[in-house]
Amino acid sequence: MPGVTPERRPTISLIIPAYNEEEYLPACLDAVMRNVAGKAAEIIVVDNNSTDRTREVIERYPGVTYVFEPEKGITRARQRGFLSASGDILAYVDADTHPPAGWIEQIWEQFENRNDLACLSGPYSFYDLSGLRNKVSSGWFVAARPLYNITGYMMVGGNFAIPRDVLERMGGFDSSIEFYGEDVDIAKRAKQQGKVLFSPRFVMPTSGRRMKKQGFAKIAGIYFLNYFSIVFRGKPATKGYEDIR
């Protein structure tokens, strides 16, 4: 973002898509209140047509903006957040993440240091997996590093920041993608606008619930299949997905 200086820091909108997240969302918002509130220009939770008490959870937190997206799908929820937000930079996390201290400061730091930065992302750590399972599950980010070095893009959907003007030039999120591959698609299209930085320092604690339910090998295989499909075909190989709640 040309012209960014510490005296004129870009405003940041934090956006959290949520579908039936009454169990995980409170801890996420508690972490947001500790580490992000007062620094972000706004905190938006997009209720993606939940049927549980997600809205009641959101309304317990003063200063959090409730937005409703009736058409289910992560890309549609992200797009609704984009259309509702006012910040110069849009930062996206998932409802089962715990944004840590120093996370939002890293966004400012990276965008202040690089005028060509089009997207910032980083790896997950898994707060509810045991030590060995956490290391194994986190290890795929290391395994994927050569792909990032070759293509120049990689990101995770529950931990990224993108300037509003970049997202506008990209045409927003691709709502035809239901779930798998949406993060690779965003990164690939952002690469056309500038640098996509996957920083090992920009870590986001998240739940390993999908890996616990479906298995690490299966999830890793699905991710790599869709990564290559987006790279070479421009669309994901997998359409169906299972909600893990």
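Residues numbered from 1 in each chain as written. Predicted model: local features only at pLDDT ≥ 70, side-chain atom pairs only at ≥ 80, totals over all residues. Heavy atoms only, no water.

Considering the overall build of the protein chain
Link 1 in the chain: When you go through the protein chain residue by residue, the secondary structure sums to 10 helices and 9 strands.
Link 2 in the chain: What you see for the protein chain is a C-alpha radius of gyration of 17 Å, in line with the 18 Å of a compact globule of 245 residues.
Link 3 in the chain: Viewed in the frame of its principal axes, the protein chain has a C-alpha envelope of about 45 × 40 × 35 Å.
Link 4 in the chain: The long-range share in the protein chain, meaning contacts at least 24 apart out of those at least 6 apart in sequence, stands at 79%.
Link 5 in the chain: Accessible surface for the protein chain amounts to roughly 10500 Å². Of this, 52% is attributable to carbon and sulfur atoms.
Link 6 in the chain: Treating the 31 positive side-chain charges of the protein chain as one cloud and the 29 negative ones as another, the clouds have centres 6 Å apart. (Helix = DSSP H or I, 4+ residues; strand = E, 2+ residues; numbered from the N terminus. Rg over C-alpha atoms; globule rule 2.2 N^0.38 Å. Contact = heavy atoms within 4.5 Å. Areas by Shrake-Rupley, 256 points an atom, 1.4 Å probe, with all protein chains shown as cover. Lys, Arg positive; Asp, Glu negative; His and termini not counted. Charge placed at Lys NZ, Arg CZ, Asp CG, Glu CD.)

Considering empty space enclosed by the protein
Gaps between atoms show up when a probe of the same size as a water molecule is rolled over them.
Link 1 in the chain: Counted under the stated rule, the structure contains 1 cavity of 30 Å³ or more.
Link 2 in the chain: There is about 870 Å³ of room inside the largest cavity.
Link 3 in the chain: Taken together, 38 residues make up the lining of the largest cavity; nearest its centre are Asp-94, Tyr-124, Phe-179, Glu-182 and Arg-210.
Link 4 in the chain: Breaking the lining of the largest cavity down by element, the ones donating at least two residues are β1 (12-18), α3 (74-84), β6 (124-126), α8 (182-191), α9 (209-214) and α10 (216-233).
Link 5 in the chain: The biggest single contributor to the lining of the largest cavity is α10, with 4 residues.
Link 6 in the chain: Class assignment for the residues of the lining of the largest cavity results in 19 nonpolar, 8 polar and 11 charged. (1 Å grid on protein atoms, 1.4 Å probe; cavity = no way out; pocket = protein on both sides within 12 Å on 5 of 7 lines; lining within 4 Å. Points joined across faces, edges and corners; volume = space filled by probe spheres on them. Nonpolar A, V, L, I, M, F, W, Y, C, P; charged D, E, K, R; others polar.)

Observations regarding the pattern of salt bridges
Link 1 in the chain: By the definition in use, this model includes 15 salt bridges.
Link 2 in the chain: Measuring nitrogen to oxygen at the nearest pair gives 2.9 Å for the salt bridge that ties Glu-69 to Arg-80. With Glu-69 in the loop between β3 (64-68) and α3 and Arg-80 in helix α3, this residue pair connects regions lying 11 residues apart in the sequence.
Link 3 in the chain: Among the residues examined, Arg-80 registers a relative accessible area of 30% and is labelled partly exposed.
Link 4 in the chain: Look at the salt bridges and you will find they share partners, linking Glu-21, Asp-96 and Arg-209 into a network. (Salt bridge = Lys/Arg side-chain N within 4 Å of Asp/Glu carboxyl O. Buried < 20%, exposed > 50% of the residue type's maximum accessible area, 1.4 Å probe, protein only.)

Focus on helix α1 (residues 25-35)
Link 1 in the chain: Taken together, the buried positions of α1 are occupied by Leu-25, Pro-26, Cys-28, Leu-29, Ala-31, Val-32 and Asn-35.
Link 2 in the chain: For α1, the elements touching its buried residues are β1, β2 (42-47), α2 (54-59), β3 and α4 (103-113).

Description of α8
Link 1 in the chain: α8 sits mainly inside the fold: 8 of its 10 residues count as buried.
Link 2 in the chain: The complete set of buried residues in α8 reads Glu-182, Asp-183, Val-184, Asp-185, Ile-186, Ala-187, Arg-189 and Ala-190.

Considering the packing of aromatic side chains
Link 1 in the chain: All chains considered together, the criterion is met by 5 aromatic pairs.
Link 2 in the chain: When the centroid spacing of 5.5 Å and the interplanar angle of 15 degrees are considered together, the rings of Trp-103 and Phe-202 count as stacked. Of this pair, Trp-103 sits in helix α4 while Phe-202 is found in the loop between β8 (195-198) and β9 (204-206), placing the two residues 99 residues apart along the sequence. Take Trp-103 and Phe-202: they sit in the same class, and that class is buried.
Link 3 in the chain: A network of ring pairs unites the aromatic residues Tyr-92, Phe-160 and Phe-173 as a single cluster.
Link 4 in the chain: Geometry around Tyr-19 places Lys-72 over its ring, the cationic atom sitting 4.5 Å from the centre.
Link 5 in the chain: The positively charged end of Arg-209 is found above the aromatic ring belonging to Tyr-24, 4.4 Å away from the centroid. (Phe/Tyr/Trp six-rings, centres within 6.5 Å; stacked < 30°, edge-to-face > 60°. Lys NZ or Arg CZ within 6 Å of the ring centre and 35° of its normal.)

A look at the environment of Lys-191
Link 1 in the chain: The residue Lys-191 is located in helix α8 in this model.
Link 2 in the chain: On a C-alpha basis, the gap between Lys-191 and Ala-118 in space is 7.0 Å, while along the polypeptide they are 73 residues apart.
Link 3 in the chain: When near neighbours in sequence (up to four residues on either side) are disregarded, Lys-191 contacts Thr-151, Gly-152, Tyr-153 and Val-196.

A few points about the confidence of the model for the protein chain
Link 1 in the chain: Overall, the prediction assigns the protein chain a mean pLDDT of 89, with 91% of residues at 70 or greater.
Link 2 in the chain: Predicted confidence for residues 2-6 stays below pLDDT 50, and this span has 7 contacts to residues more than four positions away or in other chains. (pLDDT = per-residue confidence, 0-100.)

Notes on the state of the cysteines
Link 1 in the chain: Under the defined criterion, the tally for this structure stands at 0 disulfides.
Link 2 in the chain: Cysteine Cys-28 is unpaired, with the sulfur of Cys-119 as its nearest cysteine sulfur at 19 Å.
Link 3 in the chain: The class of Cys-28 is buried, set by a relative accessible area of 0%. (Disulfide = S-S within 2.5 Å.)

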